[in-house]
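The chain contents come next:
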Amino acid sequence: MFLPANTMNKKIMLIDDEEPIRRVIGGILSRSGYEVILSGDGAEALEQLHTVTPDLIILDMHMPRMDGLAFLRKLREKKITTAPVLMVTGSTDPELKAETYKLGVYDFINKPEQTEVMLKRIENGLKIGEMIHFNEFIKVELMMAKKLQTYLYPPVTIETDNVIIHSMTKPLSDIGGDLFDYIEFRDGRLIFFIADVSGHSISAALYTAIVKMVFRWAIKQADTPAKIVEIMNREISGNIPLESFVTMFCGLIDFSRSQLSYCNGGHPPPLLFSRGAIHELEGSDPFLGPIKDAVFHDFSCGITSGDHICLFTDGVVDMKKDDRSGQQLLREIMGKDDINPEEKFALLKEAIGGDTSAKMDDDRTLMMVCVK
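Please read all numbers here as calculations on a predicted model, not as lab measurements. (Residues numbered from 1 in each chain as written. Predicted model: local features only at pLDDT ≥ 70, side-chain atom pairs only at ≥ 80, totals over all residues. Heavy atoms only, no water.)

## As for the overall build of the protein chain
Item 1. Each helix and strand counted, the protein chain has ten helices and 18 strands in total.
Item 2. Here the C-alpha radius of gyration of the protein chain, 30 Å, is well above what a compact globule of 372 residues would show, namely 21 Å.
Item 3. Its C-alpha atoms give the protein chain principal-axis dimensions of about 90 × 45 × 35 Å.
Item 4. Sequence-distant contacts, at least 24 apart, represent 67% of the contacts inside the protein chain between residues at least 6 apart.
Item 5. Total accessible area on the protein chain stands at roughly 18,300 Å², and carbon and sulfur atoms take up 52% of it.
Item 6. Taking the average place of the 41 positive charges on the side chains of the protein chain and the average place of its 55 negative ones, the gap between the two points comes to 3 Å. (Helix = DSSP H or I, 4+ residues; strand = E, 2+ residues; numbered from the N terminus. Rg over C-alpha atoms; globule rule 2.2 N^0.38 Å. Contact = heavy atoms within 4.5 Å. Areas by Shrake-Rupley, 256 points an atom, 1.4 Å probe, with all protein chains shown as cover. Lys, Arg positive; Asp, Glu negative; His and termini not counted. Charge placed at Lys NZ, Arg CZ, Asp CG, Glu CD.)

Shown next as structure tokens:
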């Protein structure tokens, strides 16, 4: 007797109106280590599926009360089970087979069929079932990771006595690796950052959570962007894989001194609009993560009422729209001196995230800090 591997605790529902067939096939399955659930027709099987969860269904095509096609349609309509279905039929009608494939049947066996062939096709079906279950598990994990990220992001718009901050993020998939945050200190200073964690999906969601947690901890230990990024780098180096890294721009505005100080850890340089002109915030240090003892530096510039800073991730820089690069779009819109910062942000948001037909290759995140 051919015994397929990994039959332990696997449940197979056998649906056939002929009692002798149920007895013979059921006996073969039981001796092969499967738990067998017997049904006389599709209607009986639908009732049983309210209380049992098979790993695979063997379904006869021709039955008097509810045939195989009707049963398959009910399964699909009600979404009762995701168990793979192996159809039993003696028909060679290609249209009938095509219809059953559309309804989710993965393979056929004849009546009668060689035992070894039947068991092998059952084993193949169980492997398909395991992939389906894994896919459902991943969907749940993605949903939970997406929910986690909603807690990581601050409000998309915030207004204080000194600034208005606008932000948006558009992940490549359900969840992404971009992150931003901002905090107003009691003395009125504002600290903010934008970061891009390498990778996508669940791992990126986990790493973004680590980055935000470390940022909130680091600002309690240091009061300059370079020191904050340095502390974050040391912590991140030991908590994400060696092949992963984080790019990050961290800025601190001291309104009493009209000064912006900042540190750039390998991130695309933001654009500052001041006194009718665009300035790129120059100065860059290494990525966060690969080098634990990397050195980071503070840079600074003046900032005054009406100035606004546009921060973005490389998914924005690398995008293409109407034969223009993301960098060109940013400079074109940021350079408009006849509209206010809020209008600029609305245009940027539409250009970056509004076109759903444009192909995305990376997460896109945008943040604008507008000094009142």
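## Regarding the environment of Tyr-101
Item 1. Here Tyr-101 lies in helix α4 (residues 94-102).
Item 2. Given a relative accessible area of 43%, Tyr-101 falls into the partly exposed group.
Item 3. C-alpha of Tyr-101 to C-alpha of Met-87: the two residues are 14 residues apart in sequence and 9.7 Å apart in space.
Item 4. Apart from residues no more than four positions distant in its own chain, Tyr-101 is found in contact with Tyr-106, Asp-107 and Phe-108. (Buried < 20%, exposed > 50% of the residue type's maximum accessible area, 1.4 Å probe, protein only.)

## Description of the nonpolar core
Item 1. Phe-215 and Met-232 are the most contacted members of the largest nonpolar core, which has 31 residues in total.
Item 2. Those elements giving two or more residues to this core turn out to be β8 (178-184), β9 (190-197), α6 (201-218), α7 (225-237) and β10 (246-254).
Item 3. For this core, the element with the highest residue contribution is α6, accounting for seven residues.
Item 4. Residues within four places of Met-232 in sequence aside, it is in contact with Val-211, Val-214, Phe-215, Ala-218, Met-248 and Leu-288.
Item 5. Counting residues in each nonpolar core, the second largest holds 23 residues, with Ala-45, Leu-59, Met-63 and Val-105 among its members. (Core = buried A, V, L, I, M, F, W, Y, C linked by side-chain atoms within 4.5 Å.)

## Considerations on the sheet that holds strand β15 (residues 308-312)
Item 1. An order of β6-β7-β18-β15-β12-β13 is seen for the six strands of this open sheet, with the pairing classed as antiparallel. Two strands lie at the open edges of the sheet, namely β6 (157-159) and β13 (277-280), each paired on one side alone. The sheet shows a mean angle of 15° between the axes of neighbouring strands, taken without regard to direction.
Item 2. With three bridges connecting them, strand β12 (residues 271-274) and β15 associate as antiparallel partners. Counterpart to Phe-273 in the pairing with β15 is His-308. (Pairing = 2+ DSSP bridges. Axes fitted to C-alpha atoms, helices over the stretch in contact; angles between N-to-C directions.)

## What about the confidence of the model for the protein chain?
Item 1. For the protein chain, the average pLDDT comes to 88, and 94% of its residues sit at 70 or higher.
Item 2. Taken together, the stretch residues 1-5 has pLDDT below 50 and engages in 15 contacts with residues farther than four places along the chain or on a different chain. (pLDDT = per-residue confidence, 0-100.)

## Digging into α7
Item 1. For α7, built from 13 residues, the straight-helix expectation of 18 Å at 1.5 Å per residue is met to within 8% by its first-to-last C-alpha distance of 18 Å.
Item 2. Within α7 the residues assigned to the buried category are Pro-225, Ala-226, Ile-228, Val-229, Ile-231, Met-232, Asn-233, Ile-236 and Ser-237. (Expected span 1.5 Å × (residues − 1).)

## Some details on the sheet that holds β9
The pairing of strands in a sheet comes from backbone hydrogen bonds and takes either a parallel or an antiparallel form.
Item 1. Judged by pairing direction, the sheet is antiparallel, and its five strands sit side by side in the order β8-β9-β10-β11-β14 without closing on themselves. Each of the sheet's edge strands pairs with one partner strand only, and the pair in question is β8 and β14 (299-302). The average angle at which neighbouring strand axes cross in this sheet is 15°, direction not considered.
Item 2. By the bridge criterion, four bridges tie strand β11 (residues 259-265) to β14 in an arrangement that is antiparallel. Counterpart to Leu-260 in the pairing with β14 is Cys-301.
Item 3. Its contacts with the sheet put α7 on β9, β10 and β11, and the angle it makes with β10 is roughly 150°.

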